[in-house]
Amino acid sequence: MKTREIIKIIEKKFPRENAEDWDNIGLLIGDYDKEVQKIQFSIDATLEVIDNAIKEKVDMIITHHPIIFKAIKEINEQTVLGKKIRALIKNDINVYSIHTNLDSTIDGLNDYVLKKLEIEESKILDLDKEKNCGIGRVFKLKTPISLSKYSDFIKEKLDISNLRVITNDLDTDIKKVVLINGSAMSYWRKAKKENIDLFITGDVSYHDALDAKEAGLSVIDFGHYESENFFSDILVKELKATGLNFIVFNSEPVFKFL
């Protein structure tokens, strides 16, 4: 199957126009006409990920995070990104990235996380009415639960070993929640206007955490990698009927808890 045909299937479900303006998605390295038989799904295109793709004779890597994000001034062996791009081109491996369009589209990554947390109904926090998509999901729990117990529930359902919790009271009851996978602490003030008890996202900085805490909002940082590493589950389902071969390979999380 040609690369362009695979992309057409993906983008029919998760349109390019649903991505944020600042994002960089699509076929970032490669050839639309390349024949593909084997795809590797990886959240990031690390050197380890690329080495595995070469070893496994992969034709295409689909990542969540774009391998190219900012302007490139040089491509050489003296930079990490240069090494990656040269290795991919030498071995004729395409790299396609699907990022915020996967996050924001209905039945995308935000909604997939909610299903894993057994949430059946939600609304979009930052809604684009024209496209019927957007960042963040607002939902209510069927019965109130303490922040401490809900944290344990999240760890169990998402298979996360550790959470960072910002709160004035671990025993406070949680009923209304906003969740955004990845890094979205910039939305906490917008989320708080929904009169929520808890905001869940990743990559929470010290000063944002302090501001939210002093404003009386509890926050759970469930990690950037940890909230997105299962993005491949969604795409494998969409591409299952193609008969292509799929593998999933991710480098270990950047952060270690000792």
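Coordinates for the structure precede this section.
Reading the values: rules and limits
- Residues numbered from 1 in each chain as written.
- Predicted model: local features only at pLDDT ≥ 70, side-chain atom pairs only at ≥ 80, totals over all residues.
- Heavy atoms only, no water.
- Helix = DSSP H or I, 4+ residues; strand = E, 2+ residues; numbered from the N terminus.
- Buried < 20%, exposed > 50% of the residue type's maximum accessible area, 1.4 Å probe, protein only.
- Contact = heavy atoms within 4.5 Å.
- Lys, Arg positive; Asp, Glu negative; His and termini not counted.
- Charge placed at Lys NZ, Arg CZ, Asp CG, Glu CD.
- Pairing = 2+ DSSP bridges.
- 1 Å grid on protein atoms, 1.4 Å probe; cavity = no way out; pocket = protein on both sides within 12 Å on 5 of 7 lines; lining within 4 Å.
- Points joined across faces, edges and corners; volume = space filled by probe spheres on them.
- Nonpolar A, V, L, I, M, F, W, Y, C, P; charged D, E, K, R; others polar.
- Core = buried A, V, L, I, M, F, W, Y, C linked by side-chain atoms within 4.5 Å.
- Axes fitted to C-alpha atoms, helices over the stretch in contact; angles between N-to-C directions.

J.: For the overall build of the protein chain, give the residues involved together with the corresponding values.
T.: Check the secondary structure of the protein chain and you find nine helices and eleven strands. Seen through its principal axes, the protein chain has C-alpha atoms that stretch 55 × 40 × 30 Å. Evaluated residue by residue, the protein chain yields a buried proportion of 49% over its 258 residues. The long-range share in the protein chain, meaning contacts at least 24 apart out of those at least 6 apart in sequence, stands at 67%. Seen as two clouds, the 38 positive and the 44 negative side-chain charges of the protein chain have centres 1 Å apart.

J.: Account for the environment of Ala53, with residues named and values stated.
T.: Inspection of the secondary structure puts Ala53 in helix α2 (residues 47-55). Using a relative accessible area of 0% as the deciding quantity, one classes Ala53 as buried. Leaving out residues up to four positions away in the same chain, Ala53 has contacts with Gln40, Val58, Ile61 and Ile93.

J.: Talk me through the pairing of strand β8 (residues 173-183); I want residue IDs and the actual numbers.
T.: Burial of β8 is extensive: eight of the eleven residues sit out of reach of the surface. Sheet topology places strand β6 (residues 133-146) next to β8; six bridges connect them, and they run antiparallel. Pairing of Ile145 across the sheet is with Ile174, part of β8. Across four bridges, the pairing between β8 and strand β9 (residues 198-202) is parallel. Paired with Val177 across the two strands is Leu198, which belongs to β9.

J.: Kindly report on the layout of surface pockets, identifying the contributing residues and their values.
T.: Over the atoms a probe the size of a water molecule is rolled, and this reveals where empty space is left. Taken as a whole, the largest pocket spans an internal volume of roughly 460 Å³. Residues belonging to the lining of the largest pocket are distributed by class as follows: nine nonpolar, seven polar and six charged.

J.: Provide a residue-level description of the nonpolar core, including the pertinent values.
T.: Among soluble globular proteins, nonpolar side chains are generally buried collectively. Core analysis: the biggest nonpolar cluster contains 41 residues, and Ile62 and Tyr150 have the highest contact counts within it. For this core, the element with the most residues is helix α6 (residues 147-158), which contributes five residues. Dropping the residues within four chain positions of it, Ile62 is found in contact with Ile10, Ile39, Gln40, Phe41, Ser42, Tyr96, Ile98, Phe231, Leu235 and Leu239. Of all hydrophobic cores here, the second largest spans 18 residues; its members include Ile135, Ile166, Met185 and Ala191.

J.: So, the sheet that holds β6: which residues are in play, and what are the values?
T.: Taken in spatial order, the six strands make up an open sheet running β5-β6-β8-β9-β10-β7, and their pairing is mixed. Across the chains shown, the open sheet's two edge strands, defined by having one partner strand only, are β5 (123-128) and β7 (164-166). Averaged over all neighbouring strand pairs, the angle between strand axes comes to 20°, with direction disregarded. Relative to strand β10 (residues 218-221), β9 runs parallel, the two sharing four bridges. Within β10, the residue paired with Phe199 across the bridge is Val219. Sitting on the sheet, α6 is in contact with β6, β7, β8, β9 and β10, with an inclination near 120° to β6.

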